[in-house]
Amino acid sequence: MADITWRVYPSDAAKELHIVYGDTFDTDYLKLSALGQVMIAGHSSAYDIPILQTYSDKDDRLHLVGQSGDFSIVMDWQRQTGRCAYVDVHVELVYRGDGPVDLGLRFPFELVGRGRPRFMIPGAFYKENRFAHNARKYPRYDWDGGNADDLVSDSWSFRADRAALPAVFAWNEGMSAAICVEEISEAGMNGVGFQGTSDGTLIWADFPYREEPVVFDGEPLAQPVDIQTVAISPGQKLVVNFRIYAGSADLHAYDPFVRTMYDIHRQSHHLNPWMDIQQAAELTAHGLFTWHFHPEYDILMETAAFDRELNNNVKGLGDRLHMHVAWVSGAPYAYALLTYGRRHHRPEYVDAAIRVLDKIASGIAPCGIFWAAWTAERGWGCGWNPNSEWLQARTISEATLFMTRAIEFERQFGMEHETWENAALSNLRFAQRVQRADGNFGSYYHCERGTVEEWDGAGGMLWIAALLEGAEVFNRRDFAVSAERAGAYYERFVLDEFIYGAPEDVHLTPTSEDAYNAVVAYVMLYEHDSSLRWLTLATKSADWMMTFRWTYNLAFPAHTLLKQYDFRSRGADQASPSNQHLHNYGLFCLPEMLRLWQYTDDDYYLMRTRDLLSCFLQFIAREDGDFNAYKGMVTERYYNTNCFQPKGMLVTLSHAWCVGVTLYACQEAAPFGPHLALRD
């Protein structure tokens, strides 16, 4: 493990500090030119606090002292070692003016070196974050600037609670660096930010946060800046802390620091599951059958309203009479209900699940694959895609995967379902037929012609898992060959640490769901042929997934539902930089993550998967009226920041996928029970 080192240089009237990873002082380094910037409310410019004095003590702690006008700063640096080397920075600001002021404090560092920068804020910002041609509008980084009103800028600042780990990472061609804050300090809620232009690359920590140049609240329209300040009186001291990390230029260099911060946070941010996995499975099976299965249409309704009286008053609009064949409803959750029903001798659950799978198997589009969705208004259709005649690869491949798993499961009970087999084979053959020579399955298909309409993205990655499952169930070696070729193609997304294109509704966007699909695909490839190449890609996918997973418990506003119920966010995942809310979809790859832990003997994967499961053993309605829901209901969204709804709220709808994926994960976790310590 290379160490973080620093040197102090004289610079005109003051000093500057250079921080490096290894020994690259001459080419690539992180530069601190001032102890901080004081930004006073009502003043147009910031006050830089120069570094006037530096000295080290016997414990190798570096002390930096500076003053400008009425402000003085003492900054202490202490090297630390966890899974990587990093620096604890302790700052004391003293104000000696004549009257109280409202101010903000920023600590900017310049990443000096070759090449254009790349940035990451875990869960909130990846690379440029959004392609210029993306159909969805949310914050985008552009070296050349751009129009902030279009959510495009060369500089962004965000509040800490948008991030799964409140840190900003930056890379150039020679090294990487990061600044990490806690969510809350004496100044209030903290923030992080970055800038990358021809003038240089900066990363910073803000106390309190500043959201600039505009605010993203979930809608495609930019909102005004949100600049917070803290009131300080003469003689008052303001104490804040942050951490500094430096690493290699490897795009995976974030991982040791994320792991280190997780180790730190889990010591004080504890879990709080409401129940064990057996009770959760019983409740969610009840909820999926009672509130989401619609016997008239043989569907799993995508949503069911918490408030049943309101649902009646609005003519049932809370209960969405729609069913996607996978993703937000459909085959994965029918499979979970089927397996639970068989194992627990609940024939009504088995019958409902079979009817749903029969319905899905009957919905084959002219091109030979599943229709994406069924609605009471229009019957079968294409779902929520950029084009009304397109079908999306991820939705279809996920439906095929779980239809195939259902076939295999039913055979254990002597049950054959010819329509399921015909449907699954039709989909698998289609995937083979459209696959390019390089392994790409494409992301969107024309529903009638079957042509690939968009090749970009990793939306087709889950065909790997479906084909491998099909190879076993249907004894088709050629399916496995297609999966292997696809594994080689989609490797580029994993190595670029930028996997995008999984969900229908966020076109070509990096999401946590892309990470889940990659984990499932590469774990199954490793199980198929034991190639270490696939195992390496599975671990890299899992590590990237963990950048979406909360390491800490959010501080929710006092009177909100999530605060009153003491919801612990450690283990929850951010949906995506576009959809900034917490969700439980990571349970989809829980069995693959637990097997990955076994293959690697890396307890980090066990602990963080345990955190996820423990987190979402909260807010499963234990009885009618629990958090205003009905028994067995599970919400989709827990609001962690200023996006869509106020922080601390949750969506008052039960979602089929949220109920179903919990039921699925609890059953899959059962064999690992002795290893899953769900409480700290």
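Within every chain, residues take consecutive numbers counted from 1 along the sequence as written. Reporting of local features is limited, given that this is a predicted model, to residues whose pLDDT is at least 70; pairs of side-chain atoms are given and counted only at 80 or more, and all residues count toward the totals for whole chains, interfaces and linings. Where side-chain values are given, they derive from all heavy atoms of the structure, hydrogens and water being excluded.

Moving on, we get to the overall build of the chain. Strands are runs of DSSP state E lasting at least 2 residues, helices are runs of H or I lasting at least 4, and numbering of each runs from the N terminus. The number of helices and strands found in the chain is 15 helices and 37 strands. Only C-alpha atoms enter the radius of gyration; for comparison, a globular chain is expected to reach 2.2 Å times N to the power 0.38, where N is the number of residues. For the chain, the C-alpha radius of gyration of 26 Å lies close to 26 Å, the compact-globule estimate for 680 residues. Summarising its shape, the C-alpha atoms of the chain cover approximately 80 × 55 × 50 Å along the three principal directions. Partly exposed describes any residue whose relative accessible area lies between the buried limit of under 20% and the exposed limit of over 50%, with all areas from a 1.4 Å probe on protein chains only and scaled to the type maximum. Counting the 680 residues in the chain, one finds 64% classified as buried. The long-range fraction of contacts in the chain, counting pairs at least 24 apart against all pairs at least 6 apart in sequence, stands at 68%. As displayed, the chain has an accessible area near 23,600 Å², and 46% of this comes from carbon and sulfur atoms. Any two residues whose heavy atoms approach within 4.5 Å at even a single point are treated as in contact. The Shrake-Rupley method, run with a 1.4 Å probe sphere, supplies the accessible areas, and residue values consider only the shown protein chains as cover.

Turning next to the pattern of salt bridges. Just to be clear on terms, a salt bridge is a Lys or Arg side-chain nitrogen sitting within 4 Å of an Asp or Glu carboxyl oxygen. In total, this model carries 50 salt bridges according to the counting rule given. Two residues, Arg-320 and Glu-302, come together in a salt bridge whose shortest N-O distance is 2.7 Å. Highlighted residues: Arg-320 in the loop between helix 3 (308–313) and strand 29 (322–324) and Glu-302 in the loop between strand 27 (299–300) and strand 28 (303–305), separated in sequence by 18 residues. A relative accessible area of 25% places Arg-320 in the partly exposed class. For Glu-302, a relative accessible area of 1% translates into the label buried. Between Arg-308 and Asp-319 there is a salt bridge whose closest N-O contact spans 2.6 Å. Pair noted here: Arg-308 is in helix 3 and Asp-319 is in the loop between helix 3 and strand 29, with a separation of 11 residues, a long-range link. One exposure class covers both Arg-308 and Asp-319, and it is buried. Salt bridges sharing partners connect three or more residues here, namely Arg-405, Glu-469, Glu-527, Glu-592 and Arg-595.

Turning to the sheet that holds strand 34 (residues 452–454), a few remarks are in order. In space, the 3 strands of this open sheet follow the order 32-33-34, with antiparallel pairing throughout. Of all the strands in the sheet, the pair left with one neighbour each is strand 32 (390–392) and strand 34. Averaged over all pairs of adjacent strands, the angle between strand axes in this sheet comes to 40°, irrespective of strand direction. As paired strands, strand 32 and strand 33 (residues 444–446) are joined by 3 bridges and run antiparallel to one another. Across the sheet, residue Trp-390 finds its bridge partner in strand 33, namely His-446. To obtain an axis, a line is fitted to C-alpha atoms, over the contacting stretch when the element is a helix, and the angle between two such axes runs from 0 to 180 degrees between their N-to-C directions. Those strands touched by helix 6 (residues 393–411) are strand 32 and strand 33, and its axis lies near 55° from that of strand 32. Each pair of strands is called paired provided DSSP finds at least two bridges between the two strands.

Let us look at the nonpolar core. Put simply, buried Ala, Val, Leu, Ile, Met, Phe, Trp, Tyr and Cys residues joined by side-chain atoms within 4.5 Å make one nonpolar core. Ranked by internal contacts, the top residues of the largest apolar core, which has 178 residues, are Phe-169, Leu-391, Ile-464, Tyr-490, Tyr-522 and Leu-613. Looking at which element gives the most residues to this core, the answer is helix 10 (residues 512–529), with 11 residues. Trp-6, Val-91, Met-189 and Ile-232 belong to the second largest nonpolar core, which has 64 residues in total.

Our next topic: the packing of helix 8 (residues 463–473) against helix 10. For the pair helix 8 and helix 10, the least separation of the axes is 8 Å and the interaxial angle reads 35°. With respect to the hand of their crossing, helix 8 and helix 10 are arranged in left-handed fashion. Every residue of helix 10 that contacts helix 8 at Ile-464, Ala-465, Leu-468 and Glu-469 is listed here: Val-520, Ala-521, Met-524, Leu-525 and His-528. A clockwise turn of the near helix away from the far one marks a right-handed crossing, whereas an anticlockwise turn of less than a right angle marks a left-handed crossing.

Let us look at helix 1 (residues 254–265). Note on helix geometry: an α-helix contains 3.6 residues per turn, so any two residues three or four positions apart are oriented the same way. Here, expected helix span is obtained from the residue count minus one, scaled by 1.5 Å. In this model helix 1 runs 16 Å from its N-terminal to its C-terminal C-alpha over 12 residues, within 8% of the 16 Å that 1.5 Å per residue would give. By the criterion of burial, helix 1 is predominantly enclosed, with 9 of the 12 residues buried.

Spanning 13 residues, helix 4 (residues 331–343) covers 18 Å between terminal C-alpha atoms, matching the ideal 18 Å at 1.5 Å per step. Counting buried positions over the 13 residues of helix 4 gives 11, a clear majority of the element. All of the buried residues in helix 4 are Ala-331, Pro-332, Tyr-333, Ala-334, Tyr-335, Ala-336, Leu-337, Leu-338, Thr-339, Tyr-340 and Gly-341. Buried residues in helix 4 make contact with helix 2 (277–292), strand 27, helix 5 (347–362), helix 6, helix 7 (418–434) and helix 15 (656–669). Positive backbone phi, approximately 55°, marks His-345, located one or two places after helix 4.

Tracing the backbone through its elements, the reader meets Thr-551 in the loop between helix 11 (532–546) and helix 12 (561–564). For this analysis, a polar contact is any N or O atom pair within 3.5 Å, provided that within protein one partner can donate a hydrogen and the other can accept it, and provided that sequence-adjacent residues contribute only side-chain to side-chain pairs. A polar contact of 2.7 Å, which involves the side chain of Thr-551, links it to the side chain of His-265.

For the peptide bond that leads from Phe-207 to Pro-208, omega is -10°, which places it in the cis range. Assignment of secondary structure puts Pro-208 in the loop between strand 21 (200–207) and strand 22 (210–211). The linkage connecting Glu-212 with the following residue, Pro-213, adopts the cis geometry, with an omega of 0°. Topologically, Pro-213 is positioned in the loop between strand 22 and strand 23 (226–227). Backbone geometry places Lys-127, a non-glycine residue, at a positive phi of 55°. Position of Lys-127 relative to the elements: it lies in the loop between strand 12 (125–126) and strand 13 (140–141). The exposure class of Lys-127 is partly exposed, given its relative accessible area of 26%.

What follows deals with the environment of Cys-643. Take Cys-643: it is sitting in the loop between helix 14 (603–615) and strand 37 (653–655). The exposure class of Cys-643 is buried, given its relative accessible area of 0%. Spatially, the C-alpha atoms of Cys-643 and His-655 are 19 Å apart, while their sequence positions differ by 12 residues. The residues contacting Cys-643, other than those within four sequence positions of it, are Arg-162, Phe-216, Asp-217, Gly-218 and Gln-580.

Our focus in this paragraph is the sheet that holds strand 29. Spatially, 3 strands are ordered 29-30-31 in an open sheet, and the strand pairing comes out antiparallel. Two strands in the sheet have a free side with no partner beyond their single neighbour: strand 29 and strand 31 (379–381). The mean inter-strand angle of the sheet, taken between neighbouring strand axes irrespective of direction, is 20°. In this structure, strand 29 lies alongside strand 30 (residues 373–375), joined through 3 bridges in antiparallel fashion. Considered in strand 30, the bridge of His-322 is made with Thr-375.

A few words on the confidence of the model for the chain. When pLDDT is averaged across the chain, the result is 96; 99% of the residues are at 70 or more. Here helix 3 is the element of the chain with the lowest mean pLDDT, 80, and strand 16 (residues 167–171) is the one with the highest, 99. Scored from 0 to 100, pLDDT records how confident the predictor is in each individual residue.

Closest axis-to-axis distance for the helix 7/helix 9 (residues 477–495) pair is 10 Å, and the angle between their directions is 45°. One finds that helix 7 runs oblique with respect to helix 9. Handedness of the crossing formed by helix 7 with helix 9: left-handed. Judged by residue contacts, Leu-425, Leu-428 and Gln-432 of helix 7 engage Asp-478, Phe-479 and Ser-482 from helix 9. By definition in this entry, angles of less than 35 degrees are roughly parallel, angles greater than 145 are roughly antiparallel, angles of 65 to 115 are roughly perpendicular, and the rest are oblique.

Take the environment of Asn-129 next. Tracing the backbone shows Asn-129 in the loop between strand 12 and strand 13. Remark: the alpha-carbon pair of Asn-129 and Pro-234, spanning 105 residues in sequence, is separated by 42 Å. If we skip the residues at most four places from it in the chain, Asn-129 touches Ala-124, Tyr-138, Pro-139, Phe-498, Pro-510 and Pro-577.

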